[in-house]
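Geometric and topological summary
What follows is the residue order along each chain.
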Amino acid sequence: MILLSDRDVERILDMKECIEVVEEAFKNLGLGNAIMPLRTTMPIEEFNGVVLIMPSYIKGLNALATKIVTFYPDNAKLKLPIVNAYVIVNNPKTGVVEAIIEANHLTAMRTGAVSGVATKYLAREDADTLAIIGCGVQARTQLWAVITVRNIREIRAYDIDRKRREEFVREARERFQLKVISTENVKEAIEGADIIVTATTSSTPVINYEWIKPGTHINAIGAFRPDMREIDGKTVLNAKIVVDLREAALKEAGDIIIPIQEKLISRDHIYAELSELILRKKPGRVSESEITLFKSVGLAIQDSSVANHILNKVRKQL
Ligand SMILES: NC(=O)c1ccc[n+]([C@@H]2O[C@H](COP(=O)([O-])OP(=O)(O)OC[C@H]3O[C@@H](n4cnc5c(N)ncnc54)[C@H](O)[C@@H]3O)[C@@H](O)[C@H]2O)c1
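Within any chain, residue numbers begin from 1 and follow the written order of that chain's sequence. For this predicted model, a pLDDT threshold of at least 70 governs which residues receive local features, and a threshold of 80 or more governs which side-chain atom pairs are given and counted, while totals over whole chains, interfaces and linings are taken from all residues. Only heavy atoms go into the side-chain values, all of them from the structure, while hydrogens and water stay out.

**Details of the pairing of strand β12 (residues 217-220)**
Our working rule: Type-normalised accessible area, obtained with a 1.4 Å probe on protein chains alone, sets the label of each residue: buried when under 20%, exposed when over 50%, and partly exposed for intermediate values. Runs of E in the DSSP output that reach at least two residues are strands. Runs of H or I that reach at least four are helices, and both are numbered from the N terminus. Two strands make a pair as long as DSSP finds a minimum of two bridges between them.
Burial of β12 is two-sided: the residues H217 and N219 facing one way and the residues I218 and A220 facing the other way are all buried. Direction of pairing for strand β11 (residues 195-198) relative to β12: parallel, over a ladder of 4 bridges. In the strand pairing of β12, I196 is matched with I218. Two strands pair when backbone bridges link them, and β12 and strand β15 (residues 291-295) are joined in this way by 4 bridges, in the parallel orientation. Residue pairing across strands places H217 opposite T292, the latter belonging to β15.

Okay, structure coming up:
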């Protein structure tokens, strides 16, 4: 059995190929070539923990895997990681476990990659200014994905935690040799931006419609519970909404669920799933002025496809 750590994954995985693999996974999903039950969320109330279990099988890629993620916020006091994620890869023919992969970096890469795919189909071709709101773990790979698919000239970064923001800006400048600006508030970051990424842990909207210009594309990847949201209702109402999976968004994404509960939008306001754009069943962006919003909650096929790709690369090296 192959055992891989986050560090191994960092060494092996590149964003460009990760975007290609994730796009292929969504294509398979849209074609009905994947089995993917909605994720199971199991609370461990006495320890304030949650366990998420995410199995999937993509026939077209021969990828069978299950990700198990634990989320224990009180671990911070114990100086232990709050999130622990592993992917178990099985042989689809025999069920034999072929690999166990530490999946914190894998998760960040596949979450970045799906935003990369969405940006490819939804952002303006000439988009060159990117605003990142929330400068944590996911922000790094969100940035990497967007600059992989668009020619970004300027990045503005904001986080309520100044230290995290400054660290992110320094790291991004060094790594990508791009102009990266630290801003004092969200408005300053998103005014005039062509692409916005929200990757915060906020439960209340961080985006205000009045600050967004026509033609903007937004990737909203934070808010993962029905009671959490990052995007204000007016933006949701006025945007063309694409989700990773309708069923998952309607179960988990407060950004969509809350405006529906408030009767601001109906379920039909969701324009498409990402796979429909990939399979050309529906066009992505159709005008220079529309605001597009991609809301992801994260799907198991992203994990199994990327885990499978990592294993294929490792086997070639053996
Ligand atoms: N869509 C997906 O597939 C997917 C995958 C992984 C994580 N997530 C979600 O993405 C979010 C970010 O994850 P992470 O691992 O980067 O977390 P993180 O804790 O590393 O970073 C989150 C950052 O957001 C900042 N923040 C919180 N509230 C803010 C606000 N109001 N304005 C600006 N910044 C704010 C925090 O200071 C922090 O730096 C989480 O909600 C996580 O659950 C989604």
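**Let's talk about helix α2 (residues 15-30)**
Using the following cut-off: Expected helix span is computed as 1.5 Å times (number of residues minus one). Here a polar contact is recorded for every N or O atom pair within 3.5 Å, except that within protein the pair must consist of a potential hydrogen donor and a potential acceptor, and residues adjacent in sequence are included only if both atoms are side-chain atoms.
Helix length check: α2 (16 residues) gives 22 Å between terminal C-alpha atoms against 22 Å at 1.5 Å per residue, within 8%. Among the residues of α2, those classed as buried are M15, E17, C18, I19, V21, V22, E23, A25, F26, N28 and L29. By the N-cap criterion, in which a side-chain oxygen at the helix start approaches the backbone nitrogen of a residue two or three places on, α2 is capped by D14, the distance to K16 being 3.1 Å. Just downstream of α2 lies G32, where phi reads positive at about 80°.

**What about the pattern of salt bridges?**
Quick note on the threshold: Just to be clear on terms, a salt bridge is a Lys or Arg side-chain nitrogen sitting within 4 Å of an Asp or Glu carboxyl oxygen.
One pass over the full model with this rule turns up 30 salt bridges. As a salt-bridge pair, E98 and R315 come within 3.0 Å of each other at their nearest N and O atoms. Remark: R315 occurs in helix α11 (residues 300-317) and E98 occurs in strand β7 (residues 97-102); sequence separation between them is 217 residues. Residue classification places R315 among the partly exposed positions, given a relative accessible area of 36%. Here the salt bridges do not stand alone but share partners, grouping R124, D126, D194, K213 and E288 into one network.

**As for unusual backbone geometry**
At N62, a position not held by glycine, the phi torsion is positive, near 60°. Here N62 is to be found in the loop between β4 (49-58) and β5 (63-71). The partly exposed category is assigned to N62, whose relative accessible area is 48%. With a phi angle near 55°, Q177 is a residue other than glycine that sits in the positive phi range. For Q177, a relative accessible area of 65% translates into the label exposed.

**Let's talk about the site of the ligand**
As a reminder of what qualifies: Near, as used in this document, describes a residue that has one of its heavy atoms within 4 Å of the molecule or strand being considered. We get accessible surface area from the Shrake-Rupley algorithm with a probe of 1.4 Å; when it comes to residues, only the shown protein chains can shield them. Residues were grouped as follows: Ala, Val, Leu, Ile, Met, Phe, Trp, Tyr, Cys and Pro as nonpolar; Asp, Glu, Lys and Arg as charged; and all remaining residues, including Gly, as polar.
In the region of the ligand, 22 residues are neighbours, and V137, Q138, D159, R164 and I221 sit closest. In this structure, R110 approaches the ligand through a side-chain N or O atom, which is 3.0 Å from an oxygen atom. Taking R164, its side chain carries an N or O atom lying 2.7 Å from an oxygen atom of the ligand. Contact with the protein chains hides 82% of the accessible area of the ligand, taken as 860 Å² for the molecule alone. Taken together, the elements giving at least two residues each to the shell around the ligand come down to α3 (104-122) and α4 (137-149). The residue makeup of the shell around the ligand, split by class, is 8 nonpolar, 10 polar and 4 charged.

**Comments concerning the environment of E17**
Stated formally: Contact between two residues is taken to exist if any of their heavy atoms lie within 4.5 Å; hydrogens are not considered.
When you line up the elements, E17 lands in helix α2. Contacts of E17, omitting those with residues within four sequence positions, involve I12, H309 and K313. Here the side chain of E17 touches K313 through a polar contact of 2.5 Å, side chain to side chain.

**Thoughts on the packing of aromatic side chains**
What counts is decided by this rule: Only Phe, Tyr and Trp rings take part, Trp by its six-membered ring, and two of them pair if their centres are within 6.5 Å. Stacked means planes under 30 degrees apart, edge-to-face means over 60, and tilted covers everything else. Two conditions define a charge located above a ring, namely a distance within 6 Å from the ring centre to NZ of Lys or CZ of Arg, and an angle within 35 degrees of the ring normal.
Counting across every chain of the model gives 1 aromatic pair. A ring pair is formed by F71 and F224, whose centres lie 6.3 Å apart and whose planes are at 75°; its orientation type is edge-to-face. Of this pair, F71 sits in strand β5 while F224 sits in the loop between β12 and α7 (233-238), and the two are 153 residues apart along the sequence. Overall, the relative accessible area of 32% leaves F71 in the partly exposed class. In this structure F224 comes out as partly exposed when scored by relative accessible area, which is 40%. One residue, K240, lies across the ring of Y271, its end atom 4.3 Å from the ring centre.

As far as function goes, none of this settles anything; it's purely spatial.
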